[in-house]
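Chains, contacts and geometry: an overview
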Amino acid sequence: MAIIFLDSVTSTNTYCRQNIDNLNHADIVRARRQSEGRGRKQREWSSEEGGLYFSLVLKDGLSGIKTLGLLTQLMALAVCKTARDSGVEAYIKWPNDVLAQGGKFCGILSEAIFDGDRLKAVIIGTGVNISQEKIKSEKPFITLKSLGVEKSAEELLGEIIANFTADFALLRASGFEPLRTRYKKNFLYLGKPVTMRVFDEELHGVAEDIDESGRLVLNEGGKRRLIEIGDMDF
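The present account deals with the structure reproduced in this document.

So, how was this worked out
Residues numbered from 1 in each chain as written. Predicted model: local features only at pLDDT ≥ 70, side-chain atom pairs only at ≥ 80, totals over all residues. Heavy atoms only, no water. Buried < 20%, exposed > 50% of the residue type's maximum accessible area, 1.4 Å probe, protein only. Helix = DSSP H or I, 4+ residues; strand = E, 2+ residues; numbered from the N terminus. Arc of directions from axis to C-beta. Contact = heavy atoms within 4.5 Å. Pairing = 2+ DSSP bridges. Axes fitted to C-alpha atoms, helices over the stretch in contact; angles between N-to-C directions. Core = buried A, V, L, I, M, F, W, Y, C linked by side-chain atoms within 4.5 Å. Parallel < 35°, antiparallel > 145°, perpendicular 65-115°, else oblique. Nonpolar A, V, L, I, M, F, W, Y, C, P; charged D, E, K, R; others polar. 1 Å grid on protein atoms, 1.4 Å probe; cavity = no way out; pocket = protein on both sides within 12 Å on 5 of 7 lines; lining within 4 Å. Points joined across faces, edges and corners; volume = space filled by probe spheres on them.

1. So, helix α4 (residues 177–185)
- Looking at α4, one finds that the buried residues are Leu 179, Arg 180 and Tyr 183. Down the axis of α4, the smallest arc covering the buried residues is 115°, so these residues share one side. Turned more than 90 degrees away from the buried face of α4, the exposed residues are Thr 181 and Lys 185.
- Those residues of α4 that are buried are in contact with α2 (68–85), β4 (91–93), α3 (153–174) and β9 (201–210).

Okay, here's the thing in structure tokens:
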């Protein structure tokens, strides 16, 4: 594993995509700031100095992974555990955000790289609000510093990667089921009414469960719907 540190970059995910042939499994690309940080659906992710912005490259052990979403959820679990170990009552908003006190402090964007039909690599981009003074966001946000966390970006990165690595090994060995209970425990919307946007469709129901493939089970008035890709309002 190598850590490549950049002072400024458009986005660490973009850098990884452009240099994927020169990167190895478990390499990390980290930047002090990003000029074009983004989340799902090309939403802007404010990336001023003071946050932790990194992408993890995975090339090995991908053949048994059922969906790309599982790796996003593993990173959410890793960030959530890191924050909780630091004294923060963090929780997960399915599938790719980590929140505390109603504000988002982490977003995750996973991207797959293919060589023809073969999955060549997965890039997991992660942004964590640590101590930025200015953050552009359409949704409520919060920083770890405001929650009392006094750890550096380097410390947090090390803890997040250690947590992810342990869970990735468990996922490869035993699938998502052993991690599912912990994920559900940290998903505080379970059993509550939610609004989901799936492509151009808006759905209303109760977040009933997270299934063995990491999909959200939405109960729409007795009709159960499995959602693999979507956005949850909060």
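2. Points about the pairing of strand β7 (residues 118–128)
- Across the eleven residues of β7, eight count as buried, placing the element largely inside the fold.
- Looking at chain direction, strand β3 (residues 52–58) and β7 are connected through seven bridges and run antiparallel. Bridge assignment links Leu 56 to a residue of β7, and that residue is Ile 124.
- Bridging between strand β6 (residues 103–115) and β7 involves ten bridges; their strand directions are antiparallel. Bridging across to β7, Gly 107 finds its partner in Gly 127.

3. So, the sheet that holds strand β5 (residues 97–100)
- Within the open sheet, the seven strands sit side by side as β1-β2-β3-β7-β6-β5-β4. Their pairing is mixed. Looking along the sheet, the strands with just one partner apiece sit at the ends: β1 (3–9) and β4. Adjacent strand axes in the sheet meet at a mean angle of 20°, parallel and antiparallel pairs treated alike.
- Where α3 meets the sheet, it contacts β1, β2 (28–34), β3 and β7, and its direction lies at approximately 30° from that of β3.

4. Quick notes on the nonpolar core
- Counting residues in each nonpolar core, the largest one holds 59 residues, and the members touching the most others are Met 75 and Phe 105.
- Looking at this core, the element that brings in the most residues is α2, giving ten residues.
- The contacts of Met 75, once residues within four sequence positions are left out, are Phe 54, Leu 56, Ile 108, Ile 124, Thr 126, Ile 160 and Phe 164.
- Membership of the second largest hydrophobic core comes to eleven residues, among which are Leu 6, Val 9, Val 57 and Ile 113.

5. A closer look at the side chain of Thr 67
- Take Thr 67: it is sitting in the loop between β3 and α2.
- What makes Thr 67 buried here is its relative accessible area of 15%.
- Ignoring any residue separated from it by four or fewer positions in sequence, one finds Thr 67 in contact with Ser 213 and Glu 228.

6. Some words on the sheet that holds strand β12 (residues 231–232)
- Spatial ordering of the open sheet is given by β11-β10-β9-β8-β12, a layout of five strands whose pairing is antiparallel. Taken across any chain shown, the strands that pair with only one partner, and hence form the sheet edges, are β11 (223–227) and β12.
- For strand β8 (residues 193–198) and β9, the ladder comprises six bridges, and the chain directions are antiparallel. Bridge pairing in β9 links Arg 197 to Glu 202.

7. Description of the packing of α3 against α4
- Closest axis-to-axis distance for the α3/α4 pair is 8 Å, and the angle between their directions is 135°. In terms of their interaxial angle, α3 and α4 are classed as oblique. Together, Asp 167, Leu 170, Leu 171 and Ser 174 of α3 and Pro 178, Leu 179 and Arg 182 of α4 make up the contact between the two elements.
- Partitioned by chemical class, the residues of the contact of α3 with α4 number four nonpolar, one polar and two charged.

8. Some thoughts on the environment of Leu 52
- Examined against the element boundaries, Leu 52 turns out to sit in strand β3.
- With relative accessibility at 0%, the residue Leu 52 sits in the buried group.
- As for Leu 52 and Leu 156, which are separated by 104 residues in sequence, their C-alpha atoms are 8.3 Å apart.

9. Structural notes on empty space enclosed by the protein
- Per the counting criterion, the structure on display carries one cavity of 30 Å³ or more.
- Elements represented by at least two residues in the lining of the largest cavity include exactly α2 and α3.
- In terms of residue count, the dominant contributor to the lining of the largest cavity is α2 (three residues).
- A per-class count over the lining of the largest cavity returns eight nonpolar, one polar and no charged.

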